[in-house]
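Structural overview for review
Residue strings, one per chain:
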Amino acid sequence: MINYDSKSRTLTLETVHSSYQMQIDPWGYLHHVYYGKRVGQEDLSYVHRYYDRGFSGNPYDCDNRALSLDTLCQEYSSWGVGDYRVPSLGVRNADGSRCGELRYVSHEIRGGKYSLPGLPTAWDPEGEAETLAVTLSDPVTSLTVTLYYGVFYEKDIITRAAEIRNGGSAPVELEKAGSFCLDLPFGSWDLLHFHGRHCMERAPERRPLIHGIESLGSRRGMSSHQHNPFLILCDRQAAEDRGDCYGMMLLYSGSFRAEVELEQFGSVRAVMSPGDESFRWLLEPGESFAAPESLLSWGEGLSALTLQYHRFVRENVCRGEYRLARRPVLINSWEACYMDVRPERVLPLAREAAELGVELFVLDDGWFHGRTEDNAGLGDWFENTQRLPQGLGSLIEQIRATGLQFGLWVEPEMVSENSDLYRAHPDWALTVPGRKPMLGRHQLVLDLSRTEVQDYIIGTIGGLLERYPISYIKWDMNRCLSDLYSRSFPAERQGEVAHRCVLGVYRVMEALTTRFPKVLFEGCSGGGGRFDAGMLCYTPQIWCSDDTDAIERLSIQRGTAYGYPLCTMGSHVSAAPNHQTGRTTPIHTRAVVAMSGAFGYELDLGKLSREEKEEIREQIRRFHQDEALLREGSYYRLGEYTARQDAEAWLLVSPDQSRALLNVVVKASHANAPLIHLRFKGLDPDARYAMEEDEGVFSGAALMRAGYTLPQLLGDYPAVQLHLRRI
Ligand code: DGJ
């Protein structure tokens, strides 16, 4: 709901649980007034008291010592004219000055959801969204910024984006283009962010803000393993079920900056923008630049915030056939065969898998021309005839004859120097003339800012999908960008290359997913190095991490699940001892963890005992039974109430509250340890639930207040799943 009150010149955006308000002042500054728990549409500007703060300067035409851009809460902060906090934009004007301030020009409220040229945005399949577009302009340079707000009332999400247009008569250079700016005037805040490394992505880290700027982000040309473009600001007392929590998720897959500033008077500003400090974009007169979209949400408690993002990402970010559909249980050849994907290795694996109830076989790395090690072949997307003498088509046929669907691994954004593609087009790689490029896994990155490179990828991958009955593509990306230089742009446009490469990836993904709507695409980047809402617009699932150890996966998946729903996280049962950690965990525990994700297997089934194979058959049977609950159920972290730090517990409750699935994994067993006691959440307090494994019947109220005590769980990494059904 969006309302404009012309008397007070306030614009109020409302969702079921939140209100967001801004106000246009007499000089045209767009004040941010309020964002938080829903309070109605009354003018809330009284909470901001303005007074002379001495060293905070005042706009020339206001003649008012109390009004200062230095302290004003703004919808999109100015730069170089007296606001010394984090700017939303950086602009080098035609005269070389770096100043700009934005004043209100007009606004428009309309039904439906805006979109952005060249960028993915949340979509509105149910036609529920409303758009507010506020146009601001710099009176001197005529640089114009249109701020977009998309209001998803039922889902408690407000999307934001900005489009910057050079309305003047001389070129200007953008040095920064914020997606949004959010000023929180009062309160004391913790920052919860998700950091990591390869094989340990999205570890939650919560810390109080201290005065100054917290700057997180990526310079790697991908959203990165190191920092996810999702942040939460929560009040110091916030916990799962209480406290103001604000989420900010950038829908972008390249380098980014997230800046959070606690300033002198205690207010907090958050700005997220694409690119790093090397970002530049030349705007000729009349040209526009779209800053990517962000998804903002306010929730009472971290749990509510998570549920809001889960629903929204699932329903309004993901798209395509598999958005709300069951995904096939897959087996991936990587940890079973690595690059040795000869038919004599792969076919027995497929046969065993089909026998056990797996539905899709994924042929991972190693199948294409010249590829026997990781130093060759990328770019040549046709089969390696040494490995597959009868051709890819024949292998696919034989795999499909087992009853499995077929999926294929590709890494189209990359090129090996030892490849036909590189020999034909060395200039298609990102390299700086006269400089030896950095290698990553022996490979170079293709210059996706070039249309002919994008077209090559669309053509070759599209060709594979046309020639063969392929139901699934794993789209990998195994190194960071460096040596950012494109031969197709002049010197003054080289600062654009990183962003243009991301736009190139989006164009390719858009073309392929539109042309092949039935194919399930899974994103990947050395595991979860590009796990972001931008990619989720095209790949409804992303391989969550190259670390497949069930115990390490607990924290990786818990961290990821703060913002992203379980169905987006590729998760597989792999071998024991685990290939990354050497740890041995029970196959049951591995399945309990993997089922809370896009479920599959990634191990040599031929090495398993008869009992283990039986267990897999049973796991798949159970998975089908619980699949809808795992995919669309409300997800609750239960760690907060247990005295046991060495156990991980999470719960799924079906949307109609008729079913629930409790998952518990013990990470370390101790002698004479306290029992694990948990309180359920999200159940119907007045309903009675039968617990399958306990044969007991409990009221929802009892399970949520008195809780449930598990029996002693001993041994190495035991896990339990408890099923509740309303009776
Ligand atoms: C990295 C991925 O994360 C792995 O799962 C596997 O596909 C390898 N690349 C193949 O090179």
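From a predicted model like this one, the values you see are computed outputs, not experimental measurements. (Residues numbered from 1 in each chain as written. Predicted model: local features only at pLDDT ≥ 70, side-chain atom pairs only at ≥ 80, totals over all residues. Heavy atoms only, no water.)

**A closer look at the overall build of the protein chain**
On a plain count of helices and strands, the protein chain comes out with 12 helices and 38 strands. Its C-alpha radius of gyration of 26 Å places the protein chain within 12% of the 27 Å reference for a compact globule of 727 residues. Viewed in the frame of its principal axes, the protein chain has a C-alpha envelope of about 85 × 70 × 45 Å. Relative to its full complement of 727 residues, the protein chain shows a buried share of 63%. Long-range contacts, defined here as pairs at least 24 residues apart, represent 68% of the contacts in the protein chain between residues at least 6 apart. On the protein chain, roughly 25,900 Å² of surface is accessible, and the fraction owed to carbon and sulfur atoms is 50%. Across the protein chain, the centroid of the 76 positively charged side chains sits 1 Å from that of the 98 negatively charged ones. (Helix = DSSP H or I, 4+ residues; strand = E, 2+ residues; numbered from the N terminus. Rg over C-alpha atoms; globule rule 2.2 N^0.38 Å. Buried < 20%, exposed > 50% of the residue type's maximum accessible area, 1.4 Å probe, protein only. Contact = heavy atoms within 4.5 Å. Areas by Shrake-Rupley, 256 points an atom, 1.4 Å probe, with all protein chains shown as cover. Lys, Arg positive; Asp, Glu negative; His and termini not counted. Charge placed at Lys NZ, Arg CZ, Asp CG, Glu CD.)

**Re the site of the ligand**
The environment of the ligand is formed by 13 residues, the closest being Asp364, Asp365, Lys474, Asp476 and Asp546. A distance of 3.3 Å separates a nitrogen atom of the ligand from a polar atom in the side chain of Asn478. Trp543 is positioned such that a nitrogen or oxygen atom in its side chain is 3.4 Å from an oxygen atom of the ligand. The protein chains hide 98% of the 290 Å² of surface that the ligand would expose on its own. Each residue belonging to the shell around the ligand can be placed in one class, and the counts come to 4 nonpolar, 3 polar and 6 charged. (Near = heavy atom within 4 Å. Polar contact = N/O pair within 3.5 Å; in protein donor to acceptor, adjacent residues only side chain to side chain. Nonpolar A, V, L, I, M, F, W, Y, C, P; charged D, E, K, R; others polar.)

**Focus on the environment of Arg98**
With respect to the element layout, Arg98 can be found in the loop between strand S5 (89–92) and strand S6 (103–111). Classification of Arg98 by relative accessible area gives partly exposed; the value is 44%. In sequence terms Arg98 and Gly80 are 18 residues apart; their C-alpha atoms lie 6.1 Å from each other. Setting aside its immediate chain neighbours within four residues, Arg98 contacts Trp79, Gly80, Val91, Arg92, Asn93 and Glu175. For Arg98, the side chain forms a polar contact with the side chain of Glu175, separated by 2.9 Å.

**Overview of the domain arrangement of the protein chain**
It is common to give the size of an interface as the accessible area lost on bringing the parts into contact. Split by domain assignment, the protein chain resolves into domain 1 (2–317), domain 2 (330–421 + 443–482 + 506–632) and domain 3 (636–726). One C-alpha centre belongs to domain 1, the other to domain 2; they are set 36 Å apart. In this complex, domain 1 contributes 34 residues to the contact, which on the side of domain 2 involves 40 residues. Taking both sides of the interface into account, the surface hidden between domain 1 and domain 2 amounts to around 2,800 Å²; carbon and sulfur atoms contribute 60%. Counting across the interface, domain 1 meets domain 2 through 0 salt bridges. For the side of domain 1 that touches domain 2, the secondary structure elements donating two or more residues are strand S12 (189–197), strand S13 (200–208), strand S15 (227–235), strand S16 (244–250) and helix H1 (302–317). Among the elements that line the side of domain 1 that touches domain 2, the one with the most residues is H1, at 6 residues. (Domains from an automatic or database assignment. Buried area = accessible area lost by both parts, 1.4 Å probe. Salt bridge = Lys/Arg side-chain N within 4 Å of Asp/Glu carboxyl O.)

**A look at the packing of aromatic side chains**
Following the criterion strictly, the structure yields 24 aromatic pairs and no others. Taking 5.8 Å as the distance between ring centres and 65° as the angle between the ring planes, the aromatic pair formed by Tyr20 and Tyr149 counts as edge-to-face. Linking Tyr20 in strand S3 (residues 18–24) with Tyr149 in strand S8 (residues 143–152), this pair joins segments that are 129 residues apart in sequence. A network of ring pairs unites the aromatic residues Phe194, Phe230, Tyr309, Phe531, Tyr562 and Tyr564 as a single cluster. Of note, Arg553 hangs over the ring of Trp543, and the distance from its end group to the ring centre comes to 4.7 Å. Lying over the aromatic face of Tyr562, Arg637 brings its terminal NZ or CZ to 3.8 Å of the ring centre. (Phe/Tyr/Trp six-rings, centres within 6.5 Å; stacked < 30°, edge-to-face > 60°. Lys NZ or Arg CZ within 6 Å of the ring centre and 35° of its normal.)

**Let's talk about the state of the cysteines**
Applying the stated criterion across every chain yields a total of 0 disulfides. Cys99 provides the cysteine sulfur closest to Cys62, a residue in no disulfide bond, and the two sulfurs are 16 Å apart. Residue classification places Cys62 among the buried residues on the basis of a relative accessible area of 7%. Cys181 forms no disulfide, and the closest cysteine sulfur to it belongs to Cys73, at a distance of 8.8 Å. With relative accessibility at 1%, the residue Cys181 sits in the buried group. (Disulfide = S-S within 2.5 Å.)

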